[in-house]
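Coordinates in review
Here are the chains, one letter per residue:
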Amino acid sequence: DANAGDPLRPFAMTDRGSSVTPVKPEYRKELAHMREHYEAAEATGGSLANPGPKISREQMRDGKVPLGFRDNCAHLLIPLNECRYETSFLPWRCKDLRHAYEACQHHEYERRVAVHRAKKAGAL
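Residues numbered from 1 in each chain as written. Predicted model: local features only at pLDDT ≥ 70, side-chain atom pairs only at ≥ 80, totals over all residues. Heavy atoms only, no water.

**Observations concerning the overall build of the protein chain**
For the protein chain, the count of helices and strands is four helices and zero strands. Within the span of the protein chain, comprising 124 residues, buried residues form 26% of the whole. Sequence separation of at least 24 residues holds for 48% of the intrachain contacts in the protein chain that already meet a minimum separation of 6. (Helix = DSSP H or I, 4+ residues; strand = E, 2+ residues; numbered from the N terminus. Buried < 20%, exposed > 50% of the residue type's maximum accessible area, 1.4 Å probe, protein only. Contact = heavy atoms within 4.5 Å.)

Below, the structure is given as structure tokens:
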């Protein structure tokens, strides 16, 4: 194989001519865990407790996450922004990471709405 010694081979495009950047192996496990977590939360009705950010403020600072985006989904924004930078911000690249980040943002929004409704009903 001509690309056997290529250090970028694990991140190379598939041989089928796909233009979508594959997810890096170190992120696959985290994405699978997130899918399982969200599916379990949906099945049990979800939790209203704020889980808090999964990374520290220092990691957010080192990852150059803007202040307005330093929330419970910042741990997904760092690899997404790295992928965007590496692929010149092409919109059809980094789809899996973007979807994971947007799904996290949506679930966080749903949690905040549920908390607001519970407070309004007097449950909290």
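**A word on the pattern of salt bridges**
Scanning the entire structure with this criterion turns up three salt bridges. Salt-bridge contacts for Glu-102 lead to Arg-98; the nearest nitrogen and oxygen are separated by 3.8 Å. Pair noted here: Glu-102 and Arg-98 are both in helix α4 (residues 95–121), with a separation of four residues, about one helical turn. Judged by its relative accessible area of 29%, Arg-98 falls in the partly exposed class. The closest approach of N and O atoms between Glu-108 and Arg-111, which form a salt bridge, is 2.7 Å. Placement of both Glu-108 and Arg-111 in helix α4 is noted, with a separation of three residues, approximately one turn of the helix. Across the pair, Arg-111 and Glu-108 agree in class, each one buried. (Salt bridge = Lys/Arg side-chain N within 4 Å of Asp/Glu carboxyl O.)

**Comments concerning the state of the cysteines**
Within this structure, the stated rule accounts for two disulfides. Two residues share a disulfide in this structure: Cys-83 and Cys-94, whose sulfurs sit 1.9 Å from each other. Looking down the S-S bond of the Cys-83 and Cys-94 bridge, the torsion is -90°, so its handedness is left-handed. Taken together, the residues Cys-83 in helix α3 (residues 74–86) and Cys-94 in the loop between α3 and α4 connect sequence positions 11 residues apart. (Disulfide = S-S within 2.5 Å.)

**Details of the packing of α3 against α4**
Relative orientation and spacing of two packed helices are given, respectively, by the angle between their axes and the distance between those axes. Between α3 and α4, the shortest axis-to-axis distance is 9 Å and the interhelical angle comes to 150°. Comparing the axis directions of α3 and α4 gives the class roughly antiparallel. Crossing geometry of α3 relative to α4 is assigned as left-handed. Residues Leu-76, Leu-77, Pro-79, Leu-80, Cys-83 and Arg-84 of α3 lie in contact with α4, whose contacting residues are Leu-97, Arg-98, Ala-100, Tyr-101 and Cys-104. Looking at side-chain class alone, the contact of α3 with α4 contains nine nonpolar, no polar and two charged residues. (Axes fitted to C-alpha atoms, helices over the stretch in contact; angles between N-to-C directions. Parallel < 35°, antiparallel > 145°, perpendicular 65-115°, else oblique. Left-handed = near helix turned anticlockwise from the far one by under 90°. Nonpolar A, V, L, I, M, F, W, Y, C, P; charged D, E, K, R; others polar.)

**Here we look at α3**
Taking 1.5 Å per residue, 13 residues should reach 18 Å; α3 reaches 19 Å between its end C-alpha atoms and fits that length. What α3 keeps buried is the set Ala-74, His-75, Leu-76, Leu-77, Ile-78, Pro-79, Leu-80 and Cys-83. With its phi angle positive at about 60°, Ser-88 sits one or two positions after the end of α3. (Expected span 1.5 Å × (residues − 1).)

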